[in-house]
Amino acid sequence: MNANMRPALAVVGLSTLLCGLALPLGFTGVAQLAFPAQANGSLVEREGTVIGSSLIGQGFTSERYFHPRPSATTEADSEKPGSTRAAPYNAAASAGSQAAPTSAALLQTLKERVAAEGRWPVPADAVTASASGLDPHVSPENAARQVERVAAARGLASERVRALVARHTEGREWGLFGEPRVNVLRLNLALDGLR
């Protein structure tokens, strides 16, 4: 049995070193060299302090800022074991609402969100959460609807805020994939930088 165990243990040890250590370290090194910002979480800093990630939505509620898509993330409810409660933009609990299109609760939530928007038409991403509940982007149409509110709250000309939105509108990936979008965190940081 000893004669059979030695080669088997050697293969397991070699495989563990190769697949469990060398390959992950190699891929990490290549990622750090080729894509350092992305490999480290696409972190966004202001004055040397990390304030978020351009890949994770954050809850902006002030009238002075552009608002993100609604978030459907939840957390365990400590007062009701086995239940959850809303925890918007909780990056540790990325998930959609899992509500079916025929859900009465989802329909009621959408009606409330549409009513809160006040005027038609309402972009879909202004009232619906993304699949992750943490989408960092809004559509250009959603951002355009918010220009007047943000400009008024900051005492800025609407044209100036609209130009800022246009500068922060990202196109399709490689001109083919996805839809045009605006990163809310980066846009709000640019707003804070206006003088």
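Note: the structure precedes this text.
To keep things clear, this report deals only with the structure shown in the data block. Only a predicted model underlies this, so the values are computations on that prediction, with no experimental measurement involved.

1. A closer look at the overall build of the chain
(1) Moving on: Helices and strands together make up the secondary structure of the chain, namely seven helices and seven strands.
(2) Moving on: The linear arrangement of helices and strands in the chain, starting from the amino end, is α-α-β-β-β-β-α-α-β-α-α-β-β-α.
(3) Moving on: Relative to the 2.2 N^0.38 estimate, which gives 16 Å for 195 residues, the radius of gyration of the chain is 23 Å and therefore markedly larger than a compact globule would have.
(4) Moving on: Along the first, second and third principal axes, the C-alpha atoms of the chain reach 80 × 45 × 35 Å.
(5) Moving on: Expressed as a percentage of its 195 residues, the buried residues of the chain come to 27%.
(6) Moving on: Across the chain, contacts joining residues at least 24 apart in sequence account for 52% of those joining residues at least 6 apart.

2. With respect to the pattern of salt bridges
(1) Moving on: Tallied over the full model, the rule gives nine salt bridges.
(2) Moving on: Residue Arg 46 is joined to Asp 192 by a salt bridge in which the shortest nitrogen-to-oxygen separation is 3.0 Å. Highlighted residues: Arg 46 in strand β1 (residues 43-46) and Asp 192 in helix α7 (residues 184-193), separated in sequence by 146 residues.
(3) Moving on: A residue is classified by how much of its surface remains accessible, and Arg 46, at 37% relative accessible area, is partly exposed.
(4) Moving on: Among the ionic pairs, Arg 181 bridges to Glu 170, the shortest N-O distance being 3.5 Å.

3. A few points about the environment of Arg 69
(1) Moving on: Here Arg 69 shows up in the loop between β2 (49-53) and β3 (74-76).
(2) Moving on: Put simply, Arg 69 and Pro 121 are 52 residues apart on the chain and 16 Å apart in space, counted from C-alpha to C-alpha.
(3) Moving on: When residues no more than four places from it in sequence are discounted, the contact partners of Arg 69 are Tyr 89, Asp 125, Thr 128, Ala 129, Ser 130, Asp 135, His 137 and Val 138.
(4) Moving on: There is a polar contact of 3.1 Å between the side chain of Arg 69 and the backbone oxygen of Thr 128.
(5) Moving on: Within the structure, the side chain of Arg 69 is placed 3.5 Å from the side chain of Asp 135, a separation counted as a polar contact.

4. A few points about the sheet that holds strand β5 (residues 137-138)
(1) Moving on: Spatially, the three strands line up as an open sheet ordered β5-β7-β6, and their pairing is antiparallel. Across the chains shown, the open sheet's two edge strands, defined by having one partner strand only, are β5 and β6 (169-170).
(2) Moving on: Where β5 meets strand β7 (residues 181-183), two bridges bridge the pair, whose relative direction is antiparallel. Among the inter-strand pairings, Val 138 is bridged to a residue of β7, identified as Val 182.

About the cut-offs
- Residues numbered from 1 in each chain as written.
- Predicted model: local features only at pLDDT ≥ 70, side-chain atom pairs only at ≥ 80, totals over all residues.
- Heavy atoms only, no water.
- Helix = DSSP H or I, 4+ residues; strand = E, 2+ residues; numbered from the N terminus.
- Rg over C-alpha atoms; globule rule 2.2 N^0.38 Å.
- Buried < 20%, exposed > 50% of the residue type's maximum accessible area, 1.4 Å probe, protein only.
- Contact = heavy atoms within 4.5 Å.
- Salt bridge = Lys/Arg side-chain N within 4 Å of Asp/Glu carboxyl O.
- Polar contact = N/O pair within 3.5 Å; in protein donor to acceptor, adjacent residues only side chain to side chain.
- Pairing = 2+ DSSP bridges.

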